[in-house]
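# Descriptive structure summary
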Amino acid sequence: MSQKNSYAYYPGCSAAGTSREYDISTRALCAALGLRLVDVPDWNCCGSTPAHTVDHALSAALSARNLAQSEALGLDRLITPCPSCLKNVHNAIEHMQDQHFREKVDKLTLRPLRRNHRVLSVLQVILEDVTPAGLANMVRKPLTNLKLVAYYGCLLTRPGRSMRFDDEENPTSIDRLLEAVGATMLPFPFKMECCGGSFGIPRGDVVARLGGRILSLAASTGADAVVVACPLCQMNLDTRQRQINAAGGTNIRLPVFYYTQLLGLALGLEEEKLCFDQLEVDPGPVLSRIGQAAAEEATA
Amino acid sequence: MRIGVFICHCGSNIAATVDVKKVAEAAWGMNDVVYSTDSMYTCSEPGQQAIEEAIREHKLHGVVVASCSPRMHEPTFRRTVERAGLNRYMFEMANIREHVSWIGRDKALNTLKATELVRMAVEKLRLNRVLTPKKIPATRKVLVIGGGVAGIQASLDCADAGLEVVLVEREPSIGGKMSKLDKTFPTVDCSSCILGPRMVDVAQHERITLYAYSEIDSVSGYVGNFEVNIRKKASYVDWEKCTGCGACTEKCPSRKTFDRFNEGLGATTAINIPFPQAIPKKATITAGACRQFQGKKCGVCAKFCPTGAINHEQKDEIVTVKVGAIVAATGYDLTDWTVYGEYGAGRYPDVITSLQYERMLSASGPYGGHIKRPSNGEEPKSIVFIQCVGSRDPSIGRPYCSGFCCMYTAKQAIMTKDHIPDSRSYVFYMDIRSPGKGYDEFTRRAQEEYGAQYVRGRVSQVYPRGDKMVVRGADTLLGLPVEVEADLVVLAVGGEASRDAPKLAEKLRISYDGFGFFMEGHPKLKPVETNTAGVFLAGSCQGLKDIPSSVSQGSAAAAKVMALLSRDMLESDPQTALVDIKRCIGCSKCVKVCPFGAIREQDLRGQIKAEVLEAVCQGCGLCNATCPQGAIQLSHATDNQILAEVEALLCQM
Amino acid sequence: MSDVTREPAGTGRELRLVGFLCNWCSYGGADTAGVGRFIQPTDLRIVRLPCSGRVNPLFIAKTLLYGADGVLVSGCHPRDCHYAEGNFYARRRLEVFRHLLPTLGIDPRRFEYTWVSASEGQRWQQVVSKFTEQIHSLGPAPRLPGAPELEWMQSGVNPA
């Protein structure tokens, strides 16, 4: 099996639930880009925030098991679309540098790790292995006349010492990829703000407030839509947009896309394969505008 | 040899846990000891007199005192024995206080240890030799590196005292950071009005030679006799001919050159004079911005220069000077504030540094002394100052307090109110640090008289909303997050060691700390000396300090230089390495290992032999431990002396 | 000879530890420990040198062959040398020397080198206490056959 362009793929549990469209569009996009994803066999949930707030060793063990499960694939790189999963795997690897901690984890997993994986986000692979220039060469349907703000969320690059990707406080990776396929990226100061994350369940008011700030500022920039790379961010900003409007007395209607959906669209993939219908805020009007200005210019 | 031993009680400091009399008794049995006694306070006047008397009465050749640490009183007792006619190196100390009585509880074991330490000292003393300092001639001339306020002060003081001064400045003009400031705290007097005349004094002083736009290339030699190569960087203008008329700067077509003096606030021309009061007032071409150097046809400056001073072919030039002492006054640079992505400095035009704000306030600055938002030129009404940007932050490797930011921020808040009476200033601070004469009163005035709103807490983010900047932070006194809408955000950027400070330290052979600040000889008692004889420190290169402290240190360093060069001949410490020519095989390992360049090869009737320059040797003994033949020996700490101490301890038959 | 050296016969606890300390940092650190009254084991005797780079490994070998139970060398922290780079030379020499000790028939655990600054009184206390404890756990150095009987050996100071 060729190692090059093959990656152990860990979808994370959101992919099997609330963010199916992220998983499906990621797979479709990667296939189109020639990146081969091999699912980690029998992967488990990383435990997300609840696990590490209760027990660090348990949290690390959940990620360590996934790493152990992927060893059989014989691939060097493990990739995941979800920033939270990514952070948990990085944390597990970092904490397991400590021998004492590692022994505790090994006791829980019953399977000491043998292989050192490089763990990356799908975003980083596209940015570094495909590159914006490479992407530009493959565009079938440029996303012209589409003004976007990229919202990275609080986790994607932080903490910098373990994530080691992009600028910790001012990331530009999503902007660079989407600009390469013709979209107009607007500056967005809140690109690293917290959306409230998993507070959505116990404290809906917190998410309404934090999410409201992000969406209001996004709307004030004149963007057509928000682009994200995190299942939790997408859920908070999209599915809760009505609650946010109700709480803040606003009337914002901004579709919240995964960057994989938009890149897929630009590469000419069918809209159905990219699951735009799974979004709560109807993206139809925005999507129909793509390329219009160019068309108008052509007719003019 | 006749040795006398004195065991000190130090009141009860030693006597409480060491049987002093027993130690003194035991000393009677040691080799060559002809006299032994105990005394209550050996370092007191009667104590010292007792030693002098014993030396005369018992015809002693050497003395051992067992008392406190030699780091405390070795110089004292050396003078004592010298007064009684002995050579000061015929003296040894046993440290039975810090190393025995104060750290051990068992009196019997302490007494044994004290006795053994005395025996070690006696055995070492038996091998001591009379050492005499060498006289070396000194050049009565001083090099001052750095033309900021500390270097200017040191230069003027030395020159007024009659010494020849060579002042080297890296930038095209002297003046340093102070020349960029609009006003100074806590008196709010005009910075250039008080510094300007001093700069002129430098230029006009008959005993000061100024090399601006120059750097130190290399340093060799030793105290009293340094030889320094100064690199005069090519300015592409013949400064002998340049009159500073400024015709070239008016005509230069390359008008978007980064303005270093104005911290990038506004642009300048490729050929420029940094500021109107510059000393020397000469033009310099920034090669990177000059059209001529980019291969385009230009030469406009040459065409308009009335004296024909422009020379695009000019090369760097090396000048060699001989000096007796060196003062390093290289100052500081601003910490890199762009690492704080959350403040958006460098991304948002309305987020500026404190030094840029000074240039904005300055009447001779690019904004003509008007506070304006760089984004749209409007007058800001709400200004936020963020303190501790690049200070007290271990996460960026700057855990120290820069010391002056609290004060200049208070000054800037006051200035802001003076310039724009209907403005409002907010200061986010961690702690207000204002120790100094009139300092705390000054920060209170900023709050109470000028209404600056001080908010205790860190800022988490600065971002634009509409055409305003929103500053989000915590008010830790209220325990609440706060947001301030600002027109202008000023970052109170801290300082760090001047760029390339470690490189200069290595040329000067002085130590520097983990941050690149030069190490003083002693943090309390030798604040301007270094551990390299003849090299002194002034100003922020030793650690960040404000203007009054920098000036004080400039004068202090000058005083040290004057004391050193007040004599025509210098005495060198004779505790140096010595080469036994017969044993030296000329391998030159010692030459390579010496950190001070104090050993050189000499040709002795066709054979290579090592030779120690006694004035340069600092007495570390690296060469001694390296020499495969044992031919080079450190006086006063020879192999035999060290082993004698070990044998005294382990090999008493 | 007085009887002072025989005094602590009853205690019989001390071993022969020799320290080579640089004057500027570690000797000062030991002074600072004294000023702070940081109580330490009394076994160690300190030889004051200008720099840890002054230490010839042969000093250590001789000291151990003369019968010392342990040797400790301490200098300024790396980059903090009074003589700019003396402790770097010390570090290189002493590290190599440590590996040679077994060929001399000496347990390398009887030799340590470390860095203590003039302000680190507490650290000096820890270094001395730990090193003394380490040597005590090794016990007195084995006597080399044919070595002369020395005075302190009969004094009862050393349990050997």
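Residues numbered from 1 in each chain as written. Chains lettered and ligands numbered in written order. Predicted model: local features only at pLDDT ≥ 70, side-chain atom pairs only at ≥ 80, totals over all residues. Heavy atoms only, no water.

### Some words on the overall build of chain B
When you go through chain B residue by residue, the secondary structure sums to 17 helices and 34 strands. Overall, the C-alpha framework of chain B stretches about 90 × 70 × 40 Å when taken along its three principal axes. The buried share of chain B, reckoned over its 653 residues, is 58%. Sequence separation of 24 or more characterises 69% of the internal contacts of chain B that already satisfy a separation of 6 or more. As displayed, chain B has an accessible area near 26500 Å², and 50% of this comes from carbon and sulfur atoms. Side chains of chain B give 79 positive and 73 negative charges; the mean places of these two sets differ by 3 Å. (Helix = DSSP H or I, 4+ residues; strand = E, 2+ residues; numbered from the N terminus. Buried < 20%, exposed > 50% of the residue type's maximum accessible area, 1.4 Å probe, protein only. Contact = heavy atoms within 4.5 Å. Areas by Shrake-Rupley, 256 points an atom, 1.4 Å probe, with all protein chains shown as cover. Lys, Arg positive; Asp, Glu negative; His and termini not counted. Charge placed at Lys NZ, Arg CZ, Asp CG, Glu CD.)

### Description of the overall build of chain A
A count of helical and extended segments in chain A gives 15 helices and eight strands. By the compact-globule yardstick of 19 Å for 300 residues, chain A fits well, its C-alpha radius of gyration being 19 Å. Principal-axis analysis of the C-alpha atoms places the extent of chain A at approximately 70 × 45 × 30 Å. Burial analysis of chain A (300 residues in total) assigns 53% to the buried set. Within chain A, contacts between residues separated by at least 24 positions form 77% of all contacts whose residues are at least 6 apart in sequence. For chain A, the accessible area works out to roughly 13000 Å², and carbon and sulfur atoms hold 52% of it. (Rg over C-alpha atoms; globule rule 2.2 N^0.38 Å.)

### Some words on the interface of chain A and chain B
At the interface, seven residues of chain A touch 10 residues of chain B. Buried surface at the junction of chain A and chain B, both sides included, amounts to about 690 Å², of which 50% is carbon and sulfur. Sorting the residues of chain A by area buried against chain B places Glu169, Asn170 and Pro189 of chain A first, and these three jointly supply 54% of that buried surface. Taken together, chain A and chain B are joined by two salt bridges. Its salt-bridge partner being Arg213 of chain A, residue Glu483 of chain B comes within 3.1 Å of it at the nearest N-O pair. One can count four residue pairs in polar contact (both at pLDDT 80 or more) joining chain A with chain B. For the side of chain A that touches chain B, the class distribution of residues is three nonpolar, one polar and three charged. (Buried area = accessible area lost by both parts, 1.4 Å probe. Salt bridge = Lys/Arg side-chain N within 4 Å of Asp/Glu carboxyl O. Polar contact = N/O pair within 3.5 Å; in protein donor to acceptor, adjacent residues only side chain to side chain. Nonpolar A, V, L, I, M, F, W, Y, C, P; charged D, E, K, R; others polar.)

### Description of the sheet that holds strand β4 (residues 111-115) of chain C
Residues and elements named next belong to chain C. Strand order in this open sheet of four strands is β2-β1-β3-β4, and the pairing throughout is parallel. Whereas interior strands pair on both sides, the edge strands pair on one side only; in this sheet they are β2 (44-49) and β4. Across this sheet, the average inter-strand angle for adjacent strands is 20 degrees, counted without regard to direction. Pairing of strand β3 (residues 70-75) with β4 involves five bridges; the strand directions are parallel. When the sheet's bridge partners are listed, Leu72 is paired in β4 with Glu112. (Pairing = 2+ DSSP bridges. Axes fitted to C-alpha atoms, helices over the stretch in contact; angles between N-to-C directions.)

### Some points on the interface of chain B and chain C
Every contact between the two is made by 58 residues of chain B and, on the other side, 58 residues of chain C. Counting each side, the surface lost to burial between chain B and chain C is near 5100 Å², with a carbon and sulfur contribution of 62%. Looking only at chain B, the three residues that lose the most surface to chain C are Arg71, Ile103 and Leu650 of chain B, adding up to 14% of its buried area. Counting across the interface, chain B meets chain C through five salt bridges. Note that Asp639 of chain B is salt-bridged to Arg54 of chain C, the shortest N-O span being 2.8 Å. At the surface where chain B touches chain C, the tally comes to 17 residue pairs in polar contact (both at pLDDT 80 or more). Of all the secondary structure elements, the ones that give two or more residues to the side of chain B that touches chain C are α1 (20-27), α3 (70-83), α4 (97-101), α5 (107-125), α15 (589-593), α16 (622-626), β34 (632-634) and α17 (639-650) of chain B.

### Points about the pattern of salt bridges
All names here are of chain B. Enumeration according to the criterion identifies 63 salt bridges over all chains in this entry. We note a salt bridge from Arg88 to Glu82, for which the minimum N-O separation is 3.0 Å. A residue is classified by how much of its surface remains accessible, and Arg88, at 27% relative accessible area, is partly exposed. Glu82 gets classed as partly exposed once you look at its relative accessible area, which sits at 36%. One salt bridge connects Arg373 with Asp350, and the closest N-O pair in it is separated by 2.8 Å. Of this pair, Arg373 sits in the loop between α10 (354-361) and β21 (382-389) while Asp350 sits in the loop between β19 (332-334) and β20 (351-353); the two residues are 23 residues apart in sequence, bridging distant segments of the chain. Across the pair, Asp350 and Arg373 agree in class, each one buried.

### As for a negative patch on the surface
Residue and element names in this part refer to chain A. Side chains of Glu270, Glu271, Glu272 and Asp277 sit close together on the surface and give a patch of like negative charge. For Glu270, the location among the structural elements is in the loop between α13 (259-266) and α14 (284-289). Using a relative accessible area of 47% as the deciding quantity, one classes Glu270 as partly exposed. (Patch = residues over 30% accessible without salt bridge, like charges linked within 9 Å, V, L, I, M, F, W, Y side chains within 5 Å.)

### Digging into the arrangement of the chains
With two pairs of chains in contact overall, the contact-richest pair is chains B and C. Regarding chain A and chain C, the two do not touch, and the least distance separating their C-alpha atoms is 23 Å.

### Considerations on the domain arrangement of chain A
When the parts of a complex come together, some accessible area is lost, and that lost area is often used as the size of the interface. All names here are of chain A. If you check the domain split of chain A, you get domain 1 (3-123) and domain 2 (140-299). Taken together, the 26 residues of domain 1 in the interface contact 29 residues of domain 2. Approximately 2300 Å² of surface area, both sides summed, lies buried where domain 1 meets domain 2, with 73% of it carried by carbon and sulfur atoms. When the buried area of domain 1 at its contact with domain 2 is split by residue, Glu21, Tyr22 and Leu123 rank highest and sum to 32% of it. Summed over the shared surface of domain 1 and domain 2, the number is one salt bridge. Here Arg161 makes a salt bridge to Glu94, at a shortest N to O gap of 2.5 Å. There are four residue pairs in polar contact (both at pLDDT 80 or more) connecting domain 1 and domain 2. (Domains from an automatic or database assignment.)

### Some details on helix α14 (residues 547-565) of chain B
All names here are of chain B. For α14, which comprises 19 residues, the first-to-last C-alpha distance of 27 Å matches the rise-based estimate of 27 Å (1.5 Å per residue) to within 8%. Those residues of α14 that sit buried are Ser550, Gln553, Gly554, Ala557, Ala558, Val561, Leu564 and Leu565. Down the axis of α14, the smallest arc covering the buried residues is 140 degrees, so these residues share one side. Close packing links the buried residues of α14 with β6 (141-145), α6 (149-160), β18 (325-328), β29 (535-537) and β30 (569-571). (Expected span 1.5 Å × (residues − 1). Arc of directions from axis to C-beta.)

### Considering the domain arrangement of chain B
Residue and element names in this part refer to chain B. Here chain B is partitioned into domain 1 (3-131), domain 2 (141-232 + 316-331 + 509-565), domain 3 (247-304), domain 4 (333-496) and domain 5 (577-635). One C-alpha centre belongs to domain 2, the other to domain 4; they are set 30 Å apart. The partner domain 4 presents 24 residues to the 17 residues of domain 2 that form the contact. Three residues stand out in domain 2 for area buried against domain 4, namely Phe185, Phe515 and Leu544, and they jointly supply 33% of the buried area on that side. Scanning the region where domain 2 abuts domain 4 turns up one salt bridge. Between Lys177 and Asp333 there is a salt bridge whose closest N-O contact spans 3.7 Å. On the surface where domain 2 and domain 4 come into contact, there are four residue pairs in polar contact (both at pLDDT 80 or more). When the residues that make up the side of domain 2 that touches domain 4 are grouped by side-chain class, the tally is eight nonpolar, two polar and seven charged.

### Here's the deal with helix α12 (residues 241-248) of chain A
Residue and element names in this part refer to chain A. Taken as a whole, α12 has its buried residues at Gln241, Ile244 and Asn245. Seen from one end, α12 has its buried residues packed into an arc of 100 degrees, which puts them on one side. When the buried face of α12 is taken as reference, the exposed residues oriented beyond 90 degrees from it are Arg242, Ala246 and Ala247. Along its buried surface, α12 packs onto α10 (204-220), α11 (231-239) and β8 (256-258). Once α12 finishes, Gly249 follows within two positions and takes phi at roughly 60 degrees, a positive value.

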